[in-house]
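Below, each chain spelled out in residue letters.
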Amino acid sequence: KMLLSNFFGEKVYELLEDLKRQDIYPVVYSFKEETERLSYVKGKSTIGQQAYLNSRKGDKRINPVDNFSRLADGKIFYITCIDQKEKLLPILEKYQSTFRCLYQKDYYAEDYWLEIMPKGISKANAAIKLKELLGCEKLVVFGDEINDIDLFKAADEAYAVENAVDELKALATGIIKSNNEDG
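Everything numeric in this text was worked out from a predicted model, so none of it was measured.

Chemist: Account for the packing of helix α1 (residues 11-21) against helix α3 (residues 85-95), with residues named and values stated.
Modeler: Two numbers describe a pair of packed helices, the interaxial angle and the distance between the axes. At a minimum axis separation of 11 Å, α1 and α3 run at an interaxial angle of 160 degrees. Taken together, the axes of α1 and α3 are roughly antiparallel relative to one another. Our pair here, α1 against α3, has a crossing hand that is right-handed. Contacts from E14, L15, D18 and L19 in α1 reach I91, K94 and Y95 in α3. Of the residues belonging to the contact of α1 with α3, the class tally is 4 nonpolar, no polar and 3 charged.

In structure tokens form, the structure reads like this:
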């Protein structure tokens, strides 16, 4: 059951056009007909994006599409670009004041990630809201990448996997086994 939603406004279509012009084919998360989708253009994935998709084999949300325009189907709430640094930096620079953008080198591979979401949206904000809605006394979180930093700062307890980035480990209450060991 969806308790709260935060979707992009009309400005997302300008972003998608810019991505297309830069030959960047993102994974677009959206809701259409009450179903969450992770859409990507078939045959246009980078090696890093394909690894990301392969790690989610069997995920019913995976939605390959035939052309770029189909990425905009539904209400969009998150966009992930996995590509070369040189391609992603101009997009980051243009949109970091319009949207919430997280940019990082993939910890596990050579690619760079640019995660784009509506302004003011974060794992931390969602977890805090869920904590309030459920009346929980304590927020305990787990993570591995820099996109978990705000979540760790908001939590009562935060556990980083052994192979997490050092910046996250420095904020952790404790370190658990790596994600490769099902930590």
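Chemist: Any details on the sheet that holds strand β5 (residues 100-105)? Residues and values, ideally.
Modeler: Pairing within the open sheet is mixed, and its 6 strands lie in the order β3-β2-β1-β4-β6-β5. Looking at which strands have only one partner, the edges of the open sheet turn out to be β3 (62-65) and β5. The average angle at which neighbouring strand axes cross in this sheet is 20 degrees, direction not considered. The pairing of strand β1 (residues 27-32) with strand β2 (residues 35-41) spans 5 bridges and is antiparallel.

Chemist: Residue-level account of the pairing of strand β4 (residues 75-83), with values.
Modeler: Burial of β4 is extensive: 8 of the 9 residues sit out of reach of the surface. With 5 bridges connecting them, β1 and β4 associate as antiparallel partners. When the sheet's bridge partners are listed, Y29 is paired in β4 with Y78.

Chemist: Residues and numbers for the nonpolar core, please.
Modeler: Core analysis: the largest hydrophobic core is formed by 24 residues, its most contacted members being L15, L19, I79, C81, I91, L114 and I116. Every element with two or more residues in this core is listed here: α1, β4, α3 and β6 (112-117). Ignoring any residue separated from it by four or fewer positions in sequence, one finds I116 in contact with F8, L15, Y78, I79, C81, I91, F99, R100 and C101. If you look at the next biggest cluster of nonpolar residues, it comprises 13 residues, including L38, Y40, Y52 and I82.

Chemist: Describe helix α2 (residues 47-54), naming the residues involved and giving the relevant values.
Modeler: Listed in full, the buried residues belonging to α2 are G48, Q49, Y52 and L53. For α2, the arc enclosing every buried residue in end-on projection is 135 degrees, short of the 170-degree limit, so these residues lie on one face. Contact partners of the buried residues in α2: β1, β2, β3, β4 and β6.

Calculation criteria
- The numbers attached to residues start from 1 for each chain and follow its sequence in the written order.
- In view of the model being predicted, local features appear only for residues whose pLDDT reaches at least 70, and side-chain atom pairs are presented and counted only at 80 or more, with totals across whole chains, interfaces and linings using the full set of residues.
- Heavy atoms from the whole structure form the basis of all side-chain values; hydrogens and water molecules are not counted.
- Interaxial angle, 0 to 180 degrees, is taken between N-to-C directions of lines fitted to C-alpha atoms, where a helix line uses only the stretch in contact.
- Numbering goes from the N terminus for both helices and strands, where a helix is a DSSP run of H or I of at least four residues and a strand is a run of E of at least two.
- Put simply, angles under 35 degrees are roughly parallel, angles over 145 are roughly antiparallel, angles from 65 to 115 are roughly perpendicular, and the rest are oblique.
- Left-handed describes a crossing in which the near helix is turned anticlockwise from the far one by less than a right angle; the clockwise case is right-handed.
- For this analysis, residues touch if any pair of their heavy atoms sits within 4.5 Å.
- Classes in brief: Ala, Val, Leu, Ile, Met, Phe, Trp, Tyr, Cys and Pro nonpolar; Asp, Glu, Lys and Arg charged; the others, Gly included, polar.
- Any two strands with at least two DSSP-identified bridges between them are counted as paired.
- Partly exposed residues are those whose accessible area sits between 20% and 50% of the maximum for their type, while under 20% is buried and over 50% is exposed, using a 1.4 Å probe and protein chains only.
- Only buried residues count toward a nonpolar core, which is a set of Ala, Val, Leu, Ile, Met, Phe, Trp, Tyr and Cys residues joined through side-chain atoms within 4.5 Å.
- Note: the arc covers the axis-to-C-beta directions of the helix.

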